Amino acid sequence: QLQACGGGSVQAGGSLRLSCTASGHTFSSYTMGWFRHAPGKEREFVAGISASGGSTLYADSVKGRFTISRDNDKNTVYLQMNSLKPEDSALYHCAAETGTLHEGEYDYWGRGTQVTVSS
């Protein structure tokens, strides 16, 4: 089970840190990802991190502004979001993947946390 939190409402240029905690004892074996879904748009890959944390992958739209990290001892993956823009507003989901790092469909999904950025 994946539980994301940390969303909220901020002004453009602000920052938020999302967290996603997983239950179970095998978190460290999963690739983790963050996705977002805005109304009227398709779900979009935001960032991913390999099981060890040694590799990361970002969507072009967030490169240089967002940072994904994980703490396997705490079964938690984070998404630090800086320099937020109104177009970053969306429902953000974390997801887990048994395979290697990629931008496609992941195996397990958690409930989302809403991020709203006002101009």
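Structure's up top.
A short tour of the structure in this document, coming up. (Residues numbered from 1 in each chain as written. Predicted model: local features only at pLDDT ≥ 70, side-chain atom pairs only at ≥ 80, totals over all residues. Heavy atoms only, no water.)

1. What about the environment of F45?
This is how the line gets drawn: Only runs of H or I of at least four residues qualify as helices and only runs of E of at least two qualify as strands under DSSP, and these elements are numbered from the N terminus. Categorising residues by exposure relies on relative accessible area from a 1.4 Å probe, with only protein chains included: less than 20% of the type maximum marks a residue as buried, more than 50% marks it as exposed, and the intermediate range marks it as partly exposed. Only heavy atoms enter the contact rule, under which two residues are in contact if any of them lie within 4.5 Å.
The residue F45 is located in strand β5 (residues 44–49) in this model. On the accessibility criterion, F45 (7% relative accessible area) is buried. Taking the C-alpha atoms as reference points, F45 and K85, 40 residues apart in sequence, are found 17 Å from one another. The residues contacting F45, other than those within four sequence positions of it, are W34, F35, L57, Y58, A59, H102, E103 and Y106.

2. Looking at the packing of aromatic side chains
Under the convention used in this document: Pairs were defined over the aromatic rings of Phe, Tyr and Trp, the Trp ring being its six-membered one, requiring ring centres within 6.5 Å. Orientation was assigned from the angle between planes: stacked under 30 degrees, edge-to-face over 60, tilted for the rest. Note on criteria: charge over ring means Lys NZ or Arg CZ within 6 Å of the ring centre, with the direction from the centre no more than 35 degrees off the ring normal.
Within this structure, the stated rule accounts for four aromatic pairs. Geometrically, the ring pair formed by Y30 and Y108 is edge-to-face, given 6.0 Å between the ring centres and 85° between the ring planes. Of this pair, Y30 sits in the loop between β3 (16–22) and β4 (31–37) while Y108 is found in strand β10 (residues 108–109), placing the two residues 78 residues apart along the sequence. Relative to Y106, the ring of F35 has its centre 5.1 Å away and its plane inclined at 75°; by these criteria the two rings are edge-to-face. With F35 in strand β4 and Y106 in the loop between β9 (90–97) and β10, the pair connects residues that are 71 residues apart, well separated along the chain. Through a chain of ring-to-ring contacts, the aromatic side chains of F35, F45, Y106 and W109 assemble into a single cluster. A cation over a ring is seen here: R70 above F27, with NZ or CZ 4.5 Å from the ring centre.

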